[in-house]
Amino acid sequence: MRLLERMRKEWFMIGIVLAIAGAKLEPSIGMNGGPLKPEITVSYIAVATIFFNSGLSLNTEELTSALVHIKLHLFIQIFTLAFFPAAVWLFLQLLSITPINEWLLKGLQTVGCMPPPVSSAVILTKAVGGNEAAAIFNSAFGSFLGIVVTPLLLLLFLGSSSSVPFTSIFSQLFMTVVVPLVIGQIVRRYIKDWLERKQPPFGAVSSSVLLMIIYTTFCDTFSNPSIDLDKFSLLLVLFIICSIQLSFMLLTFIYSTRNNSGFTPADTVAVMFCSTHKSLTLGIPMLKIVFAGHEYLSLISVPLLIYHPVQILLGSVLVPTIKSWMVSRQKGVKLMRPTV
């Protein structure tokens, strides 16, 4: 099962490259007003499909066992949806004097505002042997919380109350995000046994729809001759993303391993991955809604498209190191316990 998940993620990365390349070759197909009619098929149908699929696949019945660890959940959610975006905002004040493309910098801010992903943090926590129940709870709860908090953070850091249509944004969010998600959860209650028996390819469905969203977003970019993305800015953004990811993983590690933190080594693993990972599946549709019709939407989306594979790659590389640390720490705890 883990091998299939890994293969799916690798194919998805290839799919992103092909989607962007296809948009570059013939942008007129997926641009607004083009044959695909993304202003309808993507803005409404595709986004609603992703969240209905999420509602069907989210196994909220398994989360009750993790509810009691309130301190752990509070730390992860506050770090993800408060400290992360605020820290990125402060960092971007320094970067604003550099020659980096301003829309890529705004894209870095959107990364900070995103909720945790539903899958990658859980998969990596499980691979290490960490607190999987806590990872599942915080990924699912963070996704639900992000539906409300993320658009507010995006408007706080990137929008202004005079120019951003709050009512239309939240009505569209409600109809294309909340309603499909709730319907998916209701349908799941009635077909739960069938879903567990057949195990439909939820990940493949979401990935396919997401690739369509990415394709049409970049079609809009390449159809606009005034947009120019320089390689220097792109490379710097890649370096910044790697630095942010590693720095925040180190920060959460240091905090959660303090003597009085109250977290076990298994908890630390969940904290490191859940606090620093960001959702592409939920993020891109939200950007599509909040910045609908924005000519620089695709440039704003680029850092999130980079952050997604970077978090998976870095996490996969660090799995053996984190696992050996956790095992040795757990052995040390057992040896320190007095024998009766």
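Bear in mind the structure is a predicted one, so any value in this text is a computation, not a measurement. (Residues numbered from 1 in each chain as written. Predicted model: local features only at pLDDT ≥ 70, side-chain atom pairs only at ≥ 80, totals over all residues. Heavy atoms only, no water.)

For the protein chain, the helix and strand inventory stands at twelve helices and zero strands. What you see in the protein chain, going N to C, is helices and strands ordered as α-α-α-α-α-α-α-α-α-α-α-α. The burial tally for the protein chain puts 48% of its 340 residues in the buried class. A separation threshold of at least 6 residues defines the contact pool for the protein chain, and within that pool the share at least 24 residues apart is 85%. On the protein chain, roughly 16,500 Å² of surface is accessible, and the fraction owed to carbon and sulfur atoms is 69%. (Helix = DSSP H or I, 4+ residues; strand = E, 2+ residues; numbered from the N terminus. Buried < 20%, exposed > 50% of the residue type's maximum accessible area, 1.4 Å probe, protein only. Contact = heavy atoms within 4.5 Å. Areas by Shrake-Rupley, 256 points an atom, 1.4 Å probe, with all protein chains shown as cover.)

Below, the discussion takes up unusual backbone geometry. For Lys37, which is not a glycine, the phi torsion comes out positive at approximately 50 degrees. Using a relative accessible area of 40% as the deciding quantity, one classes Lys37 as partly exposed. A positive phi is found at Gln199, a non-glycine position, where the angle reads about 50 degrees. With respect to the element layout, Gln199 can be found in the loop between helix 7 (166-198) and helix 8 (202-222).

Two numbers describe how helix 5 (residues 120-128) lies on helix 6 (residues 132-158): the axes approach to 9 Å, and their chain directions differ by 175 degrees. The angle between helix 5 and helix 6 falls in the class roughly antiparallel. Listed contacts from helix 6 to Ala121, Val122, Thr125 and Lys126 of helix 5 are Glu132, Ala135, Ile136 and Ser139. Its residues assigned to classes, the contact of helix 5 with helix 6 shows four nonpolar, two polar and two charged. (Axes fitted to C-alpha atoms, helices over the stretch in contact; angles between N-to-C directions. Parallel < 35°, antiparallel > 145°, perpendicular 65-115°, else oblique. Nonpolar A, V, L, I, M, F, W, Y, C, P; charged D, E, K, R; others polar.)

Take the UniProt feature "transmembrane region" (unreviewed entry) in the protein chain next. Mapped onto this numbering, the UniProt entry gives "transmembrane region" (unreviewed entry) at residues 41-60, 72-92, 135-158, 170-191, 203-222, 234-255 and 296-319. Annotation note: span residues 135-158, helix share 100%, strand share 0%, distance between end C-alpha atoms 29 Å. Across residues 234-255, the secondary structure splits into 100% helix and 0% strand, with the terminal C-alpha atoms separated by 32 Å. (UniProt positions renumbered as here; feature names shortened; annotations may be inferred.)

Next up on the list: helix 11 (residues 280-290). Across the eleven residues that make up helix 11, a large majority, ten, are buried. Leu280, Leu282, Gly283, Ile284, Pro285, Met286, Leu287, Lys288, Ile289 and Val290 are the residues of helix 11 that are buried.

Another aspect to go through is the environment of Gly203. Within the secondary structure layout, Gly203 lies in helix 8. C-alpha separation for the pair Gly203 and Ile50, spaced 153 residues apart in sequence, amounts to 9.8 Å.

Attention now moves to the environment of Phe51. For Phe51, the position within the fold is in helix 2 (residues 38-57). A relative accessible area of 1% means that Phe51 is categorised as buried. Taking the C-alpha atoms as reference points, Phe51 and Thr176, 125 residues apart in sequence, are found 7.6 Å from one another. The contact partners of Phe51, leaving out residues within four places of it in the chain, are Thr176, Val177, Pro180, Leu181, Leu282 and Pro285.

Further remarks concern the packing of aromatic side chains. All chains considered together, the criterion is met by nine aromatic pairs. Taken together, a centroid distance of 4.9 Å and an interplanar angle of 35 degrees make the contact between Phe79 and Phe83 tilted. One end of the pair, Phe79, and the other, Phe83, are both in helix 3 (residues 70-95), four residues apart, so they sit about a helical turn from each other. For Phe83, a relative accessible area of 37% puts it in the partly exposed group. Geometrically, the ring pair formed by Phe83 and Phe248 is tilted, given 5.9 Å between the ring centres and 55 degrees between the ring planes. With Phe83 in helix 3 and Phe248 in helix 9 (residues 231-256), this residue pair connects regions lying 165 residues apart in the sequence. Among the aromatic side chains, those forming a connected cluster through ring pairs are Phe75, Phe79, Phe83, Phe84, Phe248, Tyr255 and Phe263. The cationic tip of Lys71 hangs over the ring face of Phe263; the distance from NZ or CZ to the ring centre is 5.6 Å. Over the ring of Trp103 we find Lys106, and its NZ or CZ is 5.4 Å from the ring centre. (Phe/Tyr/Trp six-rings, centres within 6.5 Å; stacked < 30°, edge-to-face > 60°. Lys NZ or Arg CZ within 6 Å of the ring centre and 35° of its normal.)

For the rest of this paragraph, the subject is the side chain of Thr110. Considering the arrangement of structural elements, one finds Thr110 in helix 4 (residues 102-113). Of the polar contacts made by the side chain of Thr110, one reaches the backbone oxygen of Gly107; its length is 2.5 Å. Non-local contacts of Thr110, meaning those with residues more than four positions away in its chain, are made with Leu154, Leu158, Leu287 and Ile300. (Polar contact = N/O pair within 3.5 Å; in protein donor to acceptor, adjacent residues only side chain to side chain.)

Before going further, it helps to examine a nonpolar patch on the surface. Judged by side-chain polarity, Trp11, Ile14 and Leu18 come together as a nonpolar surface patch covering roughly 360 Å² of accessible area. Secondary-structure assignment places Ile14 in helix 1 (residues 2-25). Taking the relative accessible area as the measure of exposure, Ile14 reaches 39% and is therefore partly exposed. (Patch = residues over 30% accessible without salt bridge, like charges linked within 9 Å, V, L, I, M, F, W, Y side chains within 5 Å. Salt bridge = Lys/Arg side-chain N within 4 Å of Asp/Glu carboxyl O.)

On to the side chain of Thr216, then. Within the fold, Thr216 resides in helix 8. Take Thr216: its relative accessible area is 0%, and that puts it in the buried class. Setting aside residues up to four positions removed in sequence, Thr216 forms contacts with Gly30, Leu36, Pro38, Val42 and Lys288.

A separate point is the environment of Ile312. Note that Ile312 resides in helix 12 (residues 297-336). On the basis of relative accessible area, Ile312 is assigned to the buried category, the value being 14%.

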